[in-house]
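Each chain, written out:
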Amino acid sequence: MRPYIVLRYIGTVLLLNATFLLVSAAISFFNSDSAFFPLIYTCLIAALFGAFPFIFVPPTEEISNKEGFTIIVTSWLLSCLIGMVPYVLWGGEFTLSNAWFESVSGFTTTGSTILTDIEALPDGLLFWRSATHWIGGVGIIIFALSVLPSMGKVGMILYRTETSPLASANFRYRTQKMLQIIMFVYVGLTVLETIALMFCGMGLFDAITHSFATIATGGFSTKNMSVAYYGSTAIEIVIMIFMVLSGVNFGLLFVAVSGKIGVMLKSTVIRFYLITLMAGVILATVNIHGAPFDSWTEAIRYASFQVISIGTSTGFATTDTTVWPPFAQLLILFFTLQCACSGSTSGGIKVDRTVLFLHALRKRITMVEHPHAIVKTKLDTMPVDDDVLEASLLYITLYVVIVFISSLIICFLGIDIMTAFSASAAAMGNVGPGFGLVGSAGNFSHVPELGKWILTGDMLLGRLEIFGLLLFFLLRSWK
Amino acid sequence: MIYENPCVFVIFEITSILTIITMKENRMGIRAKILSGFLILATMLLVAGAWSIYELRNIGMSVQKLLQDNYKSIDAAKLMIEALEREDSGILLVLSEKRNEGISIIEAADSSFTKAYEIAQNNITIPGEKEYVGAIKTAYDDYKTLLRQSMAGTTHAGDLNWYFQEVHASFMKTRLAVESLMTLNDQEMYHTASNVESRAYRATMPGVIAIVSAFIFAIIFSYLINIFIVNPVVKLTEGIQNYLDSGKPVEIEIETKDELSMLVSSVGSLIARSSK
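Rules used in this analysis
What you see as residue numbers is a count from 1 along each chain, following the sequence as written. Chain letters start at A and ligand numbers start at 1, both assigned in the order the entries are written. A pLDDT threshold of at least 70 governs which residues receive local features in this predicted model, and a stricter bar of 80 or more applies before side-chain atom pairs are shown or counted, although totals over entire chains, interfaces and linings include all residues. Derived side-chain values reflect all non-hydrogen atoms in the structure, with water molecules and hydrogen atoms excluded from consideration. Runs of H or I in DSSP of at least four residues are treated as helices and runs of E of at least two as strands, each being numbered from the N terminus. Radius of gyration: over C-alpha atoms. The globule rule applied is 2.2 Å multiplied by the number of residues raised to the 0.38 power. Each residue is placed in one exposure class: buried if its accessible area under a 1.4 Å probe, protein chains only, is under 20% of its type's maximum, exposed if it is over 50%, and partly exposed if it falls in between. In what follows, a contact means two residues having at least one pair of non-hydrogen atoms within 4.5 Å. Only the protein chains shown count as cover for residues, with accessible areas throughout obtained via the Shrake-Rupley method and a probe of 1.4 Å. The salt bridge criterion pairs a side-chain nitrogen of Lys or Arg with a carboxyl oxygen of Asp or Glu, the two atoms within 4 Å. Lines fitted to C-alpha atoms define the axes here, with helix axes fitted over just the stretch in contact, and angles between the N-to-C directions of these axes take values from 0 to 180 degrees. Small angles under 35 degrees read as roughly parallel and large ones over 145 as roughly antiparallel, with 65 to 115 read as roughly perpendicular and the rest as oblique. Crossings are assigned a handedness: left-handed for a near helix turned anticlockwise from the far helix by less than a right angle, right-handed for a clockwise turn. Basically, the charged four are Asp, Glu, Lys and Arg, the nonpolar ten are Ala, Val, Leu, Ile, Met, Phe, Trp, Tyr, Cys and Pro, and anything else, Gly included, counts as polar. Using a 1.4 Å probe, buried area is obtained as the accessible area two parts lose upon being combined, added over both of them. Polar contact is the term for a pair of N or O atoms within 3.5 Å; when the atoms are in protein, one must be able to donate a hydrogen and the other to accept it, and sequence-neighboring residues count only if both atoms are side-chain atoms. In these notes, a set of buried Ala, Val, Leu, Ile, Met, Phe, Trp, Tyr and Cys residues joined through side-chain atoms within 4.5 Å is what counts as a nonpolar core. Only residues above 30% relative accessible area that lack a salt bridge enter a patch, with like-charged residues linked at up to 9 Å and the nonpolar side chains Val, Leu, Ile, Met, Phe, Trp and Tyr linked at up to 5 Å. Aromatic pairs are defined between Phe, Tyr and Trp rings, using the six-membered ring for Trp, whenever the two ring centres lie within 6.5 Å; interplanar angles under 30 degrees are classed as stacked, those over 60 as edge-to-face, and all others as tilted. Either the NZ atom of lysine or the CZ atom of arginine qualifies as a charge over a ring when it sits within 6 Å of the ring centre and within 35 degrees of the ring normal. Values of pLDDT, ranging from 0 to 100, describe the predictor's confidence in every residue of the model. The length a helix should cover is 1.5 Å for every residue beyond the first.

Each helix and strand counted, chain A has 20 helices and 2 strands in total. A globule of 479 residues ought to have a C-alpha radius of gyration of about 23 Å, and chain A, at 22 Å, matches this closely. Across its three principal axes, chain A shows a C-alpha extent of roughly 70 × 65 × 50 Å. The buried share of chain A, reckoned over its 479 residues, is 62%. Restricting to contacts in chain A with at least 6 residues of sequence separation, those with at least 24 account for 72%. Surface accessibility of chain A: about 17500 Å² in total, with carbon and sulfur atoms responsible for 71%.

Right, here's the structure in full:
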C-alpha cells in the first residue's frame, strides 16, 4: 500500500470539506455572527492540508482496493476530526467530547445531538452542521456502492444490481462512475426537496439544511422542536416522501430515474422495505389512536412521520414518542434496528440482511423437514451461497452483541436501561433519537462523557458496517 | 483590524487554495515544494496568532467596559441610595422639630444625589438604561416635592402618619428605581464577565489547534520529503555505487518531474556516454 497516494485522495475529501466550510463562513460573514472566525480558520486548515499532497504526490491512474478502502475510512475519520474544529473553536455547549459527538453524529448521518438549545447556534454553524450530513451521505454511498462490493461475496450480494459490474473494475473507474450516479441522484433529490419545501412555505436556509439532513438520512434540524416547529402537514409529507426515497439503494434509484422503474419495484428488498414501512405505519396508527391522539387523522399523521423517520434512519421528529404506548415504542425500536436498504445513506442492520435472514430461516426449516434435500437460495435472480447467508447472520448477531455491550457500559455509567439500550441502538443504526432521556424531544447532553465516546464508536462501527472499521484497525491484514 | 476586514481573509483563503491547486503539481521544483510546505506552516501559525491577538484585545476591551461603564453606574447607584437614606433621616429630624439640622442634612444629601445622578445619566451604556435613569428622575422629583413641603411649611410638623403614608412610600419608590438601575448593571457585568470567559477560551483554542495542526503537518511534510526527495537521492547514490562496483546500469524510476528527475536522466546520459 502507498500511503502517499492515500494522502493525495484524502486531500480531495478535505478540499470538499473546505468548500462547505467556506460556504458556512460566508453565511456567518453576511449574518455578522460569531461563527465566522471558527469556520474560516477550520476552512483554512482543511484547505491547506488538502491541497498540500497535490504539490508532492503525482496523480495515479491505478488504485488498489486496499488503498481505496483506506482512503474512504481515513477520509471519514479525518472529516469527523476536521468537522469538530469549528465547534471546539466556537465554544458554547461544545466541550471536546460534545464537539466530537456532534461531528461524528453529523458525518455518520446519525443526527443525535448534545445541544440543549439548537437555535442559539449561529446560522453559519447550523449550516455546517447540516452540511456534515450531506458530505457524510456522499461518503456513505461511495463506501457502500464502490468499496464494499469489492470486499468479498457478501458485499457483492448486499450491494448488487448495477454496482456489481463496477465492482470488478478498478477503484478509480468505480469511483468516477459512482460519483456520476451520486451527483445525479443525490444532488437531484436535494434540489427537488429544497424546492418542494420552499413551495410549502419553508425559508431558503431551512429548506436547504433540512434537505441536506433528509437526503443523507441524518436528522439534524435547525429548530429545537425539529420538524414539529413548522406544524405543517405539507412540509411533513414532502419530508416523508424524500425520506422513503433516500432509504432506497441509490443504484436502483438511478435505474428507476433512467426509466426502468419496474426493475426497482421488482426487487424483493425494495418490496420488503416498503411493506414493512406500511405495516409499521398501520400498526402504530392503530396503537396510538385514542391515547395520545384522539383523532384518526392525527394518529396517522404522527405515526407515519415517526415510523418513516426512524425506519429510514433519518431521525426527524414531529412528536414525542416517549409518551407513546409500549407496543408503538417497541415497533419504533424494531425500525431503529432494521432501518432501510443497503446502498442508501441509511444505517442499521438493513432490510437486505433481514431478507437474507428470512431466507436462511426458511432454508433451515426446509432442511429440518427434508434433511437430505439440496436447497438453493436466490435473492431475485442472484443465487445466494451459504457463506453469504452465514456472514449476514454473523453480522446481525455481532450487531446485536455490540448494541448489548455498549448498553451495558452506558447502564454502568448510571443511565436507565431504556435510555441506554435505545441510545446504543440509535447510535449503531445511525438513527438519532432513542427513548427515555434521549427521546425525540430530548438530547444526549445528559449522557456521561465516556458514554458519549462509546456512542460515537457505535456510530462509526454502524456506519462502516462493523467489519469496515475493524478491518481498518487490524493492521496485520494489510500486510 | 482583521475582523474589520474579514473579506481579506476570505480572498486570501480562496487565492491561496487556488494558487496551490492550479500550480503544475509535481512539475514544481524542489525549492518551491519545500518553500510551500513552510509557507503553509507559517500561514496556519500566523492566522492562529492573529486571531488570538484579536480575541485578547477584545478581552481587554471587555474588562475596560466592565470597570469603566458598569462599575461606574453601580457606584453612582450606591451613592444615590446613600444620599436617599441621609435625606430620609433628615426629614425625620425636620418632623421631630430639629428643623435646621434636618434641612442641612437634606441639602447636603440632595447635592450628593444630584452629582451621583449626573454620573449615571452621563454613563448610559446598556440598551434600556436610559429608561431606568429616567424613572429615577421622575421618582426623585416626586420625593423632592415632599421634602420641600416638609422643609418649607409647618403643616406636617410632627405628622408621622403623613411621613409613613406619603414620604416613606415615595422614598421607597425612588430607592427601588435606583436599585433597578444597579441590578441592570449587575446583570450586564455578569454578562460581560461570561463573555470575557468565552473570549478567553476562544483566544486559547486557535493556538492549541494551530500547534496540533502544525505538528501533524510537520509529520506529513517530513514523510513526503522522505518519499519524494530523500529516497530518490539514496536510490541514485546506490545506483551509481552499483555501476561503479559491478557496471550495472542505473535504472531509477522517478514519478515527479522536478530537479531530481533531471538529475537521474543526466546521470543516465553521463553513464551512457562514459560506457561508449
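Counting its regular elements, chain B contains 6 helices and 0 strands. Burial status across chain B gives 39% buried among its 276 residues. A sequence separation of at least 24 residues applies to 78% of the contacts in chain B between residues at least 6 apart. Carbon and sulfur atoms make up 62% of the accessible area of chain B, which totals about 15900 Å².

Here we take up the pattern of salt bridges. Summed over all chains, the structure comprises 9 salt bridges over all chains. Notably, a salt bridge pairs A:Lys452 with A:Glu449, separated by 3.3 Å at the nearest N-O pair. Within this pair, A:Lys452 and its partner A:Glu449 are both found in helix H19 (residues 449-463), separated by 3 residues, close to a single helical turn. A:Glu449 sits in the partly exposed class, given a relative accessible area of 40%. A salt bridge links B:Lys137 to B:Asp141, with the nearest nitrogen and oxygen atoms 3.6 Å apart. Pair noted here: B:Lys137 and B:Asp141 are both in helix H4 (residues 129-152), with a separation of 4 residues, about one helical turn. Take B:Asp141: its relative accessible area is 35%, and that puts it in the partly exposed class.

We now examine the packing of helix H2 (residues 30-95) of chain B against helix H3 (residues 99-121) of chain B. Residues and elements named next belong to chain B. Two numbers describe how H2 lies on H3: the axes approach to 8 Å, and their chain directions differ by 165°. Overall, the two elements H2 and H3 adopt an arrangement that is roughly antiparallel. In terms of crossing hand, the pair formed by H2 and H3 is left-handed. Taken together, the residues of the contact of H2 with H3 sort by class into 18 nonpolar, 3 polar and 6 charged.

This next bit is on the interface of chain A and chain B. At the interface, 35 residues of chain A touch 43 residues of chain B. Note on chain A versus chain B: buried area summed over both sides is about 3800 Å², and carbon and sulfur give 81% of it. Of all residues in chain A, A:Phe37, A:Ile55 and A:Phe56 bury the most surface against chain B, accounting for 21% of the area lost on that side. If you look at where chain A meets chain B, you find 0 salt bridges. In this assembly, chain A and chain B are joined by 2 residue pairs in polar contact (both at pLDDT 80 or more). Put simply, the parts of the chain that give the side of chain A that touches chain B at least two residues each are helix H1 (3-31), helix H2 (36-56) and helix H3 (65-90) of chain A.

So, on to the nonpolar core. Across soluble globular proteins, you tend to see nonpolar side chains buried next to one another. Counting 175 residues, the largest nonpolar core has A:Tyr41, A:Phe56, A:Trp76, A:Phe94, A:Trp128 and B:Leu224 as its most contacted members. No other element matches H2(A), which puts 17 residues into this core. Beyond its immediate stretch of four places on either side in the chain, A:Phe94 contacts A:Tyr87, A:Ala99, A:Glu102, A:Ile114, A:Leu115, A:Leu121, A:Leu125 and B:Tyr201. In this structure, B:Ala77, B:Leu95, B:Ile106 and B:Ala116 belong to the second largest nonpolar core, which totals 30 residues.

Mapping A:Phe56 onto the fold places it in helix H2. Spatially, the C-alpha atoms of A:Phe56 and A:Arg8 are 8.8 Å apart, while their sequence positions differ by 48 residues.

Right, let's talk about the packing of helix H13 (residues 268-288) of chain A against helix H16 (residues 351-369) of chain A for a bit. Residue and element names in this part refer to chain A. Contact pair H13 / H16: the axes reach a minimum separation of 9 Å and the direction vectors enclose 105°. Taken together, the axes of H13 and H16 lie roughly perpendicular to each other. Counted together, Thr 268, Val 269, Phe 272 and Tyr 273 of H13 and Val 351, Asp 352, Thr 354, Val 355 and Leu 358 of H16 form the full contact between these two elements. Here the residues of the contact of H13 with H16 are counted per class, giving 6 nonpolar, 2 polar and 1 charged.

Residue and element names in this part refer to chain A. On the surface, Val 401, Phe 404, Ile 405, Leu 408, Ile 409 and Leu 450 cluster together into a nonpolar patch covering about 540 Å² of accessible area. At 5 residues, the largest contribution of residues to the nonpolar patch is made by helix H17 (residues 386-412). Mapped onto the fold, Ile 409 is located in helix H17.

On to the packing of aromatic side chains, then. Residues and elements named next belong to chain A. Throughout the structure, instances matching the rule amount to 35 aromatic pairs over all chains. An angle of 20° between the planes, with centres 4.5 Å apart, marks the rings of Tyr 87 and Phe 94 as stacked. The ring centre of Phe 220 lies 3.9 Å from the NZ or CZ of Arg 129, which sits over that ring. For the cation-ring pair, Lys 223 lies above Tyr 229, with the distance from its terminal atom to the ring centre recorded as 4.6 Å.

To continue, consider the confidence of the model for chain A. Scored by pLDDT, chain A comes out at a mean of 85, with 90% of its residues at no less than 70. Ignoring residues within four places in sequence, the model shows residues 160-169 of chain A, a span with pLDDT below 50, making 24 contacts including any to other chains.

Our next topic: helix H15 (residues 326-338) of chain A. Residue and element names in this part refer to chain A. The end-to-end C-alpha distance of H15, which contains 13 residues, comes to 18 Å, matching closely the 18 Å that a straight helix rising 1.5 Å per residue would cover. Listing the buried residues of H15 in full gives Ala 328, Gln 329, Leu 331, Ile 332, Leu 333, Phe 335, Thr 336 and Gln 338. Contacts from the buried residues of H15 go to H13, helix H14 (296-311), H16, H17 and helix H18 (417-428).

Below, the discussion takes up the side chain of A:Thr109. Residues and elements named next belong to chain A. Among the secondary structure elements, Thr 109 is positioned in the loop between helix H4 (96-107) and helix H5 (123-147). Under the relative-accessibility criterion, Thr 109 is labelled buried at 0%. The residues contacting Thr 109, other than those within four sequence positions of it, are His 133, Gly 136, Gly 137, Ile 140, Ala 216, Thr 217, Gly 218, Ser 313, Thr 345, Asn 430 and Arg 463.

Moving on, we come to the environment of B:Ala214. All names here are of chain B. Looking at the element boundaries, Ala 214 is found in helix H5 (residues 160-246). By relative accessible area, which is 13% here, Ala 214 ends up buried. Distance in space between the C-alpha atoms of Ala 214 and Leu 244 is 43 Å, their sequence separation being 30 residues.

A few words on H3(B). Here H3(B) contains 23 residues, and its C-alpha end-to-end distance of 32 Å stays within 8% of the 33 Å for a straight helix at 1.5 Å per residue. Of the positions making up H3(B), those classed as buried are B:Gly102, B:Ile103, B:Ile106, B:Ala109, B:Asp110, B:Phe113, B:Ala116, B:Tyr117 and B:Ala120.

Attention now moves to the confidence of the model for chain B. Residue and element names in this part refer to chain B. When pLDDT is averaged across chain B, the result is 80; 88% of the residues are at 70 or more. Per-element averaging of pLDDT across chain B places helix H1 (residues 6-22) at the bottom with 50 and H3 at the top with 89. The low-confidence segment residues 1-11, where pLDDT is below 50, has 14 contacts with residues more than four positions distant or belonging to other chains. We note a pTM of 0.80 for the whole complex and an ipTM of 0.75 for its interfaces.

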